[in-house]
Amino acid sequence: DIVTITAIGFPVPELPEDPEPGNTSFARRVLLTQFTGTGCGYCPGMIELLRSIMADEDYSSKTVLTACHSYNSNDPAFYSGGLDMALGVMGYPMVIADMSLSYNNYNNLAGLKNTIDAAYDSPAKAGISTRAELEGNTLVIIASVKAAETSEFRIGAWLLEDGIEGQQANYNTASWTGDYNTHDNCIRVADSRLSNINFTGHPLGTINAGETAEYAFVMNIEEGWAVENCHLALFITAPEAEGSDIFTVNNAISCDINSEAVFQYSE
């Protein structure tokens, strides 16, 4: 096996203290990935649905929203890493829940809610805690995964940027009348690539119930990215079924830069 070692010029951040060491009942969040682009004239319809979702606490509290701008290369938020191909995106707009369930009807809010509900039905097999610190243009993220049940796990971290300005095409200006030129949750780095067609995360091996495994990410902030508008989405994937080689997202969290997120337990 090839082992890659990344050296940094400052200490690795310390993980936050587990507030409930004996607890393995984790809050569950669905990873929503919106596939879009400034040249997609139907995308404002899906943006309207996602805005309604995020304004509804029943749904915003159980989702982590990300946006992959992969439709047109002149998009200021364009991500060229191949996430769209890896997840089988053939048309725009498209929303994929937990790298598993896709939805493309930009005129039907109930259908999008049903997709989220279907993904959310899978119980949380693990929780995630993390600490992210920026030194210069180097971002280091240390994460811990705590298993609720014994399983194989993988982990990924995506760097997202809000407030990217870009003129959005709109094929229905009569109905879609909002401001669509400011783009949030845009993927800048998707550090979960297992292969060119697999973004399900870096293998952690099997974690026994109640035990933890750690992983460190190192990202470079490129010139022109607004660090003050950046934040992170971290997620874990697990086999769809025992013995399956198909991994889907099982839980996700968000975290600001120079901040931390503790294990989030269900009430």
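Residues numbered from 1 in each chain as written. Predicted model: local features only at pLDDT ≥ 70, side-chain atom pairs only at ≥ 80, totals over all residues. Heavy atoms only, no water.

**Student:** Any chance you could break down the overall build of the protein for me, citing the residues and the numbers?
**Tutor:** A count of helices and strands for the protein gives 4 helices and 15 strands. In summary, the protein has a C-alpha radius of gyration of 18 Å against a globular reference of 18 Å for 267 residues, a match within 12%. Across its three principal directions, the C-alpha atoms of the protein cover 55 × 40 × 35 Å. In the protein, which comprises 267 residues, the proportion classed as buried is 51%. Within the protein, counting contacts between residues at least 6 apart in sequence, those at least 24 apart form 76% of the total. Accessible surface for the protein amounts to roughly 12,400 Å². Of this, 43% is attributable to carbon and sulfur atoms. One way to put it: in the protein the 11 positive side-chain charges average out to a point 4 Å from where the 35 negative ones average out. (Helix = DSSP H or I, 4+ residues; strand = E, 2+ residues; numbered from the N terminus. Rg over C-alpha atoms; globule rule 2.2 N^0.38 Å. Buried < 20%, exposed > 50% of the residue type's maximum accessible area, 1.4 Å probe, protein only. Contact = heavy atoms within 4.5 Å. Areas by Shrake-Rupley, 256 points an atom, 1.4 Å probe, with all protein chains shown as cover. Lys, Arg positive; Asp, Glu negative; His and termini not counted. Charge placed at Lys NZ, Arg CZ, Asp CG, Glu CD.)

**Student:** Requested: an account of the pattern of salt bridges, with residues and values cited.
**Tutor:** Tallied over the entire structure, the rule returns 8 salt bridges. Across the salt bridge formed by Arg131 and Glu133, the nearest N and O atoms sit 3.2 Å from each other. Classification of Arg131 as buried rests on a relative accessible area of 19%. Each of the salt bridges in this network shares a partner with another, and the network as a whole consists of Arg131, Glu133 and Glu260. (Salt bridge = Lys/Arg side-chain N within 4 Å of Asp/Glu carboxyl O.)

**Student:** Please give an account of the state of the cysteines that cites residues and values.
**Tutor:** Inspection of every chain in the model, using the stated rule, returns 1 disulfide. Looking at Cys186, it has no disulfide partner, and the nearest cysteine sulfur is the one in Cys68, 9.7 Å off. (Disulfide = S-S within 2.5 Å.)

**Student:** Can you explain the packing of aromatic side chains? Please cite residues and give values.
**Tutor:** On inspection of all chains with the given rule, the structure shows 9 aromatic pairs. For the pair Phe26 and Tyr265, a centre-to-centre distance of 5.2 Å together with 20° between the ring planes defines the contact as stacked. Within this pair, whereas Phe26 is found in the segment before strand E1 (30–36), its partner Tyr265 is found in the segment after strand E15 (259–261), the two being separated by 239 residues in sequence. A single burial state applies to Phe26 and to Tyr265, both of which are buried. Summarising the aromatic geometry, the rings of Phe263 and Tyr265 are spaced 6.4 Å apart at their centres and angled 50° between planes, so their arrangement reads as tilted. The exposure class assigned to Phe263 is buried, which follows from its relative accessible area of 7%. Accessibility expressed as a relative area gives 13% for Tyr265, which makes it buried. An aromatic cluster is built from Tyr42, Tyr106, Tyr171 and Trp176, whose rings are joined through pairwise contacts. (Phe/Tyr/Trp six-rings, centres within 6.5 Å; stacked < 30°, edge-to-face > 60°.)

**Student:** Kindly report on unusual backbone geometry, identifying the contributing residues and their values.
**Tutor:** In this chain, Tyr92 is followed by Pro93 through a cis amide linkage whose omega measures -5°. Although it is not a glycine, Asp98 adopts a positive phi angle of roughly 60°. When its relative accessible area of 3% is taken as the criterion, Asp98 is described as buried. Of note, the phi angle at Asn185 is positive, near 60°, even though the residue is not glycine. Of note, Asn185 is situated in the loop between strand E9 (182–183) and strand E10 (186–191).

**Student:** Describe the side chain of Gln34, listing the residues and the values that go with them.
**Tutor:** Relative to the helices and strands, Gln34 resides in strand E1. A relative accessible area of 9% means that Gln34 is categorised as buried. With residues near it in sequence (within four places) discarded, Gln34 still touches Ile47, Leu50, Thr66, Ala67, Cys68, Met94 and Val95.

**Student:** Could you give an account of the side chain of Thr38, naming the residues involved and the relevant values?
**Tutor:** Mapping Thr38 onto the fold places it in the loop between E1 and helix H1 (43–55). In terms of polar contacts, Thr38 uses its side chain to reach the side chain of Asn72, at 2.9 Å. (Polar contact = N/O pair within 3.5 Å; in protein donor to acceptor, adjacent residues only side chain to side chain.)

**Student:** Tell me about the pairing of strand E5 (residues 126–135), and name the residues and values.
**Tutor:** In terms of burial, E5 is a largely internal element, 8 of the 10 residues being buried. Sheet topology note: the E5/strand E6 (residues 138–147) ladder contains 10 bridges and is antiparallel. Each residue of the ladder has a partner; that of Gly127, found in E6, is Lys146. For E5 and E15, the ladder comprises 3 bridges, and the chain directions are antiparallel. (Pairing = 2+ DSSP bridges.)

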